[in-house]
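# Structural overview
One-letter residues, chain by chain:
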Amino acid sequence: MPGRVTQNMMNAQMLRNLNYNLSQMDKLQNQMATGRRINKPSDDPVGISFSMRYRSELSANDQYEKNVDNAISWLDFTDAMLDQATQIIQRVRELAVNGANSTNPPDAMNAIRSEIIQLREQMVTVANSQFNGKYIFNGEKTDVKPYVDDAANPAATAETDGGKIHFEIGVGVLLAVNVTGNEVFGNPGDADNIFQVMDDLIAALGASDYQAVGATLDRIDSRMNSFLAIRSDIGAKTNRIELAQNRLSEISINLQTLQSKTEDADLAEVITNLKTYENIYQSSLSVGARIIRPSLVDFLK
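Everything in this summary refers to the structure shown in the same document. Bear in mind the structure is a predicted one, so any value in this text is a computation, not a measurement.

A tally of helices and strands in the protein chain yields 8 helices and 4 strands. When the elements of the protein chain are put in sequence order from the N terminus, they spell out α-α-α-β-β-β-β-α-α-α-α-α. Its C-alpha radius of gyration of 39 Å places the protein chain more than 25% over the 19 Å reference for a compact globule of 301 residues. In terms of principal-axis extent, the alpha carbons of the protein chain reach across some 135 × 35 × 30 Å.

Another point: the side chain of K237. Mapped onto the secondary structure, K237 falls in helix α6 (residues 210-263). The residues touching K237, leaving out its near neighbours within four places in the chain, are L75, L175 and A176.

The next point concerns the nonpolar core. F185 and F195 are the most contacted members of the largest nonpolar core, which has 55 residues in total. Those elements that provide at least two residues to this core are α2 (45-99), α3 (106-127), β3 (166-170), α4 (181-185), α5 (194-206) and α6. The element best represented in this core is α2, accounting for 14 residues. With residues near it in sequence (within four places) discarded, F195 still touches R120, M123, V124, A127, Y147, A155, A156 and F185.

For the rest of this paragraph, the subject is the layout of surface pockets. In this structure, the largest pocket spans a volume of roughly 220 Å³. Y64, G170, V171, R247 and L248 are the residues nearest the centre of the largest pocket, which is lined by 14 residues in total. Every element with two or more residues in the lining of the largest pocket is listed here: α2, β3 and α6. Here the lining of the largest pocket is built from residues that sort into 9 nonpolar, 2 polar and 3 charged.

Attention shifts here to the packing of α3 against α5. The N-to-C vectors of α3 and α5 enclose an angle of 165°; their axes lie 9 Å apart at closest approach. Classified by the angle between their axes, α3 and α5 sit roughly antiparallel to one another. In terms of crossing hand, the pair formed by α3 and α5 is left-handed. The segment α3 lies against α5, with M109, I112, R113, I116, I117, L119, R120, M123, V124 and A127 engaging I194, F195, M198, D199, L201, I202, L205 and G206.

To continue, consider α5. Here α5 spans 18 Å end to end across 13 residues, near enough to the 18 Å set by a 1.5 Å rise per residue. Every buried residue of α5 is accounted for by I194, F195, V197, M198, L201, I202, A204 and L205. Close packing links the buried residues of α5 with α2, α3, α4 and α6. At the N-terminal boundary of α5, the capping side chain belongs to N193, with an oxygen 3.0 Å from the backbone nitrogen of F195. Remark: S208 follows α5 within two positions and exhibits a positive phi of approximately 55°.

This paragraph deals with the packing of aromatic side chains. Counting across every chain of the model gives 8 aromatic pairs. Note on F50 and Y54: the rings are 6.4 Å apart at their centroids and 35° apart in plane angle, and the pair reads as tilted. With F50 and Y54 both in helix α2, this residue pair falls 4 residues apart, about one helical turn. Here Y147 and F185 contribute two aromatic rings whose centre-to-centre distance is 5.8 Å and whose plane-to-plane angle is 85°, an arrangement assigned as edge-to-face. Taken together, the residues span a long stretch of sequence, with Y147 in the loop between β2 (134-135) and β3 and F185 in helix α4 at a distance of 38 residues. With a relative accessible area of 1%, Y147 lands in the buried category. Among the aromatic residues, ring-to-ring pairing joins F137, Y147, F185, F195 and F227 into one connected group.

Definitions and cut-offs
Residues numbered from 1 in each chain as written. Predicted model: local features only at pLDDT ≥ 70, side-chain atom pairs only at ≥ 80, totals over all residues. Heavy atoms only, no water. Helix = DSSP H or I, 4+ residues; strand = E, 2+ residues; numbered from the N terminus. Rg over C-alpha atoms; globule rule 2.2 N^0.38 Å. Contact = heavy atoms within 4.5 Å. Core = buried A, V, L, I, M, F, W, Y, C linked by side-chain atoms within 4.5 Å. Buried < 20%, exposed > 50% of the residue type's maximum accessible area, 1.4 Å probe, protein only. 1 Å grid on protein atoms, 1.4 Å probe; cavity = no way out; pocket = protein on both sides within 12 Å on 5 of 7 lines; lining within 4 Å. Points joined across faces, edges and corners; volume = space filled by probe spheres on them. Nonpolar A, V, L, I, M, F, W, Y, C, P; charged D, E, K, R; others polar. Axes fitted to C-alpha atoms, helices over the stretch in contact; angles between N-to-C directions. Parallel < 35°, antiparallel > 145°, perpendicular 65-115°, else oblique. Left-handed = near helix turned anticlockwise from the far one by under 90°. Expected span 1.5 Å × (residues − 1). Polar contact = N/O pair within 3.5 Å; in protein donor to acceptor, adjacent residues only side chain to side chain. Phe/Tyr/Trp six-rings, centres within 6.5 Å; stacked < 30°, edge-to-face > 60°.

This is how it looks when you write it as structure tokens:
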């Protein structure tokens, strides 16, 4: 036997339906205002898990992109300083060739010597180059000046730090971007230590020792070859990092697309559904007015 439906039951059911319609309208209005389909975990428990994963991966990818930008800036600056040093060495070699000519008078030898002294000072300046306040040729001790170059600590005897500065450009991918001063300018005691070569050249020019001046040419060429090898390595690293940069950019676009598909609302669909629920709500109010019977007071009027 079917149960008896009372007026209170009808009223309660009508209120439940009205509240449901209102809650759906509130949800759709919130989606339209934020442009997002998921505004709280209960909107889509599965979707929110994917969304959090995409956000985490995007955050990590953004950090890798920043690391790549910093690494490229470091390498570009290092290459620029090495280019200056290469130009200095080339000029020193030209002067050494000229100074090895035994027909040069003492005045000419002194003039060559004076220019090489200036070039040596410029080379020390290059060796003490700073990028963003960090000495680039002193390994991990970026806050310590690598080449003091005074009577007690001449540049030719400087021991630079051998530590490497690594940037993480991908998951578990570390790349060393720095070169040490001893790698670039030579270790103390090396025959082709550029500062020692220039010191010997200055002394030979001062003594008008043409043979000693000529003997520095092979040592200059040896250091030049080291410079070119280092610059080649820096160029290869720059190319690799630029490839990584392009890859990270593509990953970022893909993750943003996936995140948008998971989180963003289809505004056309939202507006359509909102108008539908608004019509349903208005219809519910109209029907509800007929369902609720007049009270005794209404009959007494």
